[in-house]
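Take a look at the letters that make up each chain.
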Amino acid sequence: MGTDHSNKDDRKQIIVYAPHSAFINFALQPGNFISLYLTDYLLIPVADVAGMLLVAKALDFLASFFVGPVIEKSKLPGGKYVPWLKIAKPLYYLSYIIVFLPFDMPLSMRYALVITSHLFVKVPNAFILACQYAALMHSGGADMDKRNKMVITAGRFSAVSQVVTSATTAPFLLLIGHLVGAEYQYLVMAAIYGFFFFGATNTLIYLHEPFEQKRAGQGERKKTSHGALLKSMASNPQLVACLLSHTFSLIAAGAPGQITLYYYIYIRNDPNLLLFASSQTLSMVVHLATVAIGPQIGLKLGRLKSLLYSELLCVFTSLAMVFFGASSIYAFMGISIATSFIKSVNSGYLTGYIIDCAEYGFYKTGVDSRDIIQSLTNIPVKIAQFASGAVALLGIGLIGYFPGMEANAVFTRNFMLIYGGVPVLCYGISFSINRLFYKIDDAEAEFYARQNRQKESEMA
């Protein structure tokens, strides 16, 4: 009877966790249009736009170091994670409303709005990411099968949402433009998509509430500090390797995404983004099929081997993008789909790698820094967002981009060198770090998790 009840709870937790990433995908859609809105609608020079985002991401990066200690030290009513999830909701919703205000204003004021908006998106997201990792660790426990089911199911929901957003976002933006005018279309889109963030936070609140209630009866939580955070990193070489490789891998994936819209508008001459919508939808439909297959291949290979193989193969697909991506939309789509499939073999397990490192650190040192280590996952994300945006936007500025231009052969060649060359370099570095330094395989990960649960029961 107890086993049936436990299985029912497990299924419920998996189902509740699954749509979180899908909701986030919808909520983040307005962010894909910020650079385009600032450069091509407001006609702000691309160097100034890159500067705005550079300052915003630098401040965001510094803020990420405070997330873990703030969560650990705070004594807000309602628990350790749930209050921060509730605080994040209105800040996030307000963020895109601010950035898409279509009023004439001095450039300095636009700088302030873009930076404030970025921080209102990214800082709450840093807390959300820490809460997401904690929800997976606490709900999954030492059951690796349950953890894998949670991340695979979430990956499939995310893939479905990517199909829907690829098919609908650009046409929906055009429809809004017809209804309210081009001046307000981005603002209205942001207001609508922002509601999905409420769904994303509510899934995590549901998962955390039982653990918050249990924690409430355990007295005062342990103290933490930035010194403890740095010490946990210094004593955990697997964590350092994982954070470094994860950073370069995210830059490799993120840099092309920053300028994909420019590829369609200028390389493919698609100013209304209708080709973008149709081709991205087709790519995402194929991606939906790959996420049903890729993670299973990853499980058979083992998460460590799948990590190494996927990054090495992505080096070759990125090289193909440099040389053949501009030749036709079919070559571009084919290479993108191949990269997506290769990444699907291990991308669903990225959450698990950090948790494995946290479990490894607790097992090796006897000091339980798992919650604060999970907050460190913000650092690769922030560095990648900072670097990928700066490299991509500054890169196209240096090769001669300006709004309304016509792309010639030289610009096209240089554009593709940025689009595919940055991933070649970054995937290569990430592969090298993992090949040389990251050693936690599936068997070791399960061993550390089980040993740590035993320690917890002995300490209780």
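Computed from a predicted model, the values in this text were never measured in an experiment.

Analysis parameters
- Residues numbered from 1 in each chain as written.
- Predicted model: local features only at pLDDT ≥ 70, side-chain atom pairs only at ≥ 80, totals over all residues.
- Heavy atoms only, no water.
- Helix = DSSP H or I, 4+ residues; strand = E, 2+ residues; numbered from the N terminus.
- Rg over C-alpha atoms; globule rule 2.2 N^0.38 Å.
- Buried < 20%, exposed > 50% of the residue type's maximum accessible area, 1.4 Å probe, protein only.
- Contact = heavy atoms within 4.5 Å.
- Areas by Shrake-Rupley, 256 points an atom, 1.4 Å probe, with all protein chains shown as cover.
- Core = buried A, V, L, I, M, F, W, Y, C linked by side-chain atoms within 4.5 Å.
- pLDDT = per-residue confidence, 0-100.
- Expected span 1.5 Å × (residues − 1).
- Bend = angle between axes of the 7 residues up to and from the residue.
- Patch = residues over 30% accessible without salt bridge, like charges linked within 9 Å, V, L, I, M, F, W, Y side chains within 5 Å.
- Salt bridge = Lys/Arg side-chain N within 4 Å of Asp/Glu carboxyl O.
- Axes fitted to C-alpha atoms, helices over the stretch in contact; angles between N-to-C directions.
- Parallel < 35°, antiparallel > 145°, perpendicular 65-115°, else oblique.
- Nonpolar A, V, L, I, M, F, W, Y, C, P; charged D, E, K, R; others polar.
- Disulfide = S-S within 2.5 Å.

Student: Looking at this model, I keep getting lost on the overall build of the protein chain. Mind explaining?
Tutor: The number of helices and strands found in the protein chain is 19 helices and zero strands. The C-alpha atoms of the protein chain give 22 Å as radius of gyration, which agrees with the globular expectation for 460 residues (23 Å, within 12%). Residue burial in the protein chain is summarised as follows: out of 460 residues, 53% are buried. In the protein chain, once contacts between residues fewer than 6 apart in sequence are set aside, the share between residues at least 24 apart is 84%. Total accessible area computed for the protein chain in this model is approximately 19600 Å², and 67% of it derives from carbon and sulfur atoms.

Student: Quick question: what am I supposed to make of the nonpolar core here?
Tutor: Side chains of nonpolar character tend, in soluble globular proteins, to be buried together. Phe100, Leu273 and Phe415 are the most contacted members of the largest nonpolar core, which has 114 residues in total. For this core, the element with the highest residue contribution is helix H11 (residues 237-267), accounting for 14 residues. Apart from the residues lying within four places of it in its own chain, the contact partners of Phe100 are Pro30, Phe33, Ile34, Tyr37, Tyr186, Leu187 and Ala190.

Student: Could you clarify how one ought to interpret the confidence of the model for the protein chain in this entry?
Tutor: Residues shown with low pLDDT carry predicted positions that ought not to be read at fine detail. On average, residues of the protein chain score 82 in pLDDT, and 90% of them reach the 70 mark or higher. Across the protein chain, helix H18 (residues 409-437) holds the top mean pLDDT of 95, while helix H10 (residues 226-234) sits lowest at 63. In this model, residues 217-221 is a region of pLDDT below 50 whose contacts with residues beyond four sequence positions or in other chains number six contacts.

Student: Whenever I open this one, the environment of Leu207 confuses me. Can you help?
Tutor: Along the chain, Leu207 turns up in helix H9 (residues 196-216). With relative accessibility at 2%, the residue Leu207 sits in the buried group. If we skip the residues at most four places from it in the chain, Leu207 touches Gln13, Val16, Tyr17, Ala135 and Ser139.

Student: Looking at this structure, how should I read helix H5 (residues 82-99)?
Tutor: Given 3.6 residues per helical turn, the α-helix brings residues three or four places apart onto the same face. Between its first and last C-alpha, H5 extends 27 Å over 18 residues, near the 26 Å set by a 1.5 Å rise per residue. Along H5, the sharpest change in direction is near 25° and occurs at Ala88; proline Pro90 comes one to four residues later. Every buried residue of H5 is listed here: Val82, Pro83, Trp84, Leu85, Ala88, Lys89, Tyr92, Ser95, Tyr96, Ile98 and Val99.

Student: Can you walk me through a nonpolar patch on the surface in this structure?
Tutor: Together, Leu312, Leu313, Phe316, Leu319, Phe323 and Phe324 make up a nonpolar patch on the protein surface, roughly 610 Å² of accessible area in all. With respect to the element layout, Leu312 can be found in helix H13 (residues 303-324). The class for Leu312 is partly exposed, based on a relative accessible area of 34%.

Student: When you look at the packing of H13 against helix H14 (residues 329-344) in this model, what are you seeing that I'm missing?
Tutor: To characterise two packed helices, one gives the angle between the axes of the helices and the distance between these axes. Look at H13 against H14: their axes get within 9 Å of each other, and the N-to-C directions meet at 170°. Considering the angle they form, H13 stands roughly antiparallel to H14. Where H13 approaches H14, its residues Ser310, Leu313, Cys314, Thr317, Ala320, Met321 and Phe324 are matched on the opposing element by Ala331, Phe332, Ile335, Ser336, Ala338, Thr339, Ile342 and Lys343. Across the contact of H13 with H14, the residue classes break down as 10 nonpolar, four polar and one charged.

Student: Is there a simple way to explain the pattern of salt bridges in this structure?
Tutor: Between side chains of opposite charge, pairing is possible as soon as their charged atoms come close. Applying the stated criterion across every chain yields a total of four salt bridges. In this structure, the salt-bridge partner of Glu359 is Arg453, at a minimum N-O distance of 3.0 Å. Taken together, the positions of Glu359 in helix H15 (residues 350-365) and Arg453 in helix H19 (residues 442-459) put the pair 94 residues apart, joining distant regions of the chain. Given a relative accessible area of 0%, Glu359 falls into the buried group. For the salt bridge of Glu446 with Arg450, the shortest nitrogen-to-oxygen distance reads 3.1 Å. Here the residue Glu446 and the residue Arg450 both occupy positions in helix H19, the gap between them amounting to four residues, near one helical turn. Judged by relative accessible area, which is 31%, Glu446 ranks as partly exposed. One network of salt bridges, with partners in common, ties together Arg303, Asp356 and Asp442.

Student: Please clarify how the state of the cysteines should be interpreted in this entry.
Tutor: Covalent bonding between the sulfur atoms of two cysteines is what defines a disulfide. In the structure shown here, the tally under the stated rule is zero disulfides. In this model Cys242 remains outside any disulfide bridge; the closest cysteine sulfur is found in Cys357, 4.1 Å from its own. Judged by relative accessible area, Cys242 falls into the buried class, the value being 6%. No disulfide involves Cys426; its nearest neighbouring cysteine sulfur is the one of Cys314, lying 12 Å away. In this structure Cys426 comes out as buried when scored by relative accessible area, which is 7%.

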